[in-house]
Amino acid sequence: MKKTKDKTKKTKAGKKTTLLSGAAKSIKNLRKSKLSTTQKVLGGAALMALGVGYLAKRLNGNDLPARPDATTTADADAAESSLAAMDANA
């Protein structure tokens, strides 16, 4: 007769299916721990930097309107005068 019983292996939780569920689990773990003020400030700054980087990557500069400046206005005027010259020749 055996002195020890056969123990069943405990299964670990599967991989996180989505990024959102992984983030939710991480936030729950952080709520249980105590963070210093410095850790909170640095963590917030890191999250903000990641968010700004994500938005910049997502927008990719295409959705942002260009600010009119001297070179843009001069280029637009040159293009208009070129088009006007072409229309006059036609």
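1. Remarks on the overall build of the protein
- Within the protein, the secondary structure is distributed over 3 helices and 0 strands.
- For the protein, the N- to C-terminal ordering of α and β elements is α-α-α.
- Within the structure as shown, the protein displays about 9,300 Å² of accessible surface, and the carbon and sulfur contribution to it stands at 61%.

2. Quick word on the layout of surface pockets
- Reported here for the largest pocket is a volume of approximately 150 Å³.
- In terms of lining, the largest pocket is formed by Leu-30, Leu-35, Gln-39, Lys-40, Gly-43, Gly-44 and Leu-47.
- Counting residues per element, the lining of the largest pocket draws most heavily on helix α2 (residues 37-59), which supplies 5 residues.
- Of the residues in the lining of the largest pocket, the class split is 3 nonpolar, 3 polar and 1 charged.

3. A look at α2
- Across its 23 residues, α2 extends 33 Å between first and last C-alpha, which sits within 8% of the 33 Å expected from 1.5 Å per residue.
- Burial analysis of α2 places just 0 of its 23 residues in the buried class, which makes it a mostly uncovered element.

4. Considering the confidence of the model for the protein
- In this model, the protein carries a mean pLDDT of 76, and residues with pLDDT of at least 70 account for 67%.
- Per-element confidence in the protein is highest for α2, whose mean pLDDT is 87, and lowest for helix α1 (residues 19-32), whose mean pLDDT is 78.

The rules behind the values
- Note on numbering: residues in each chain are counted from 1, in written sequence order.
- This being a predicted model, a pLDDT of at least 70 is required before a residue's local features are given, and a value of 80 or more before pairs of side-chain atoms are given or counted; all residues contribute to the totals for chains, interfaces and linings.
- Each side-chain value is derived from all of the structure's non-hydrogen atoms; neither hydrogens nor water enter the calculation.
- Secondary structure follows DSSP: runs of H or I at least 4 residues long count as helices, runs of E at least 2 residues long count as strands, and numbering of each begins at the N terminus.
- The Shrake-Rupley method, run with a 1.4 Å probe sphere, supplies the accessible areas, and residue values consider only the shown protein chains as cover.
- In the cavity and pocket records, a cavity denotes points on a 1 Å grid over the protein atoms alone where a 1.4 Å probe fits but cannot get out, a pocket denotes an open set with protein on both sides within 12 Å along at least 5 of 7 lines, and lining residues are residues with an atom within 4 Å of a point.
- Grid points are joined across faces, edges and corners, and a volume is the space filled by probe spheres set on the points.
- Note on residue categories: nonpolar means Ala, Val, Leu, Ile, Met, Phe, Trp, Tyr, Cys or Pro, charged means Asp, Glu, Lys or Arg, and polar means any other residue, Gly included.
- Multiplying 1.5 Å by the helix residue count minus one yields the expected span of that helix.
- Residue burial is assigned from relative accessible area. The probe radius is 1.4 Å, only protein chains are included, and a residue is buried under 20% of its type maximum, exposed over 50%, and partly exposed in between.
- One confidence number per residue, pLDDT, is output by the predictor and ranges from 0 to 100.

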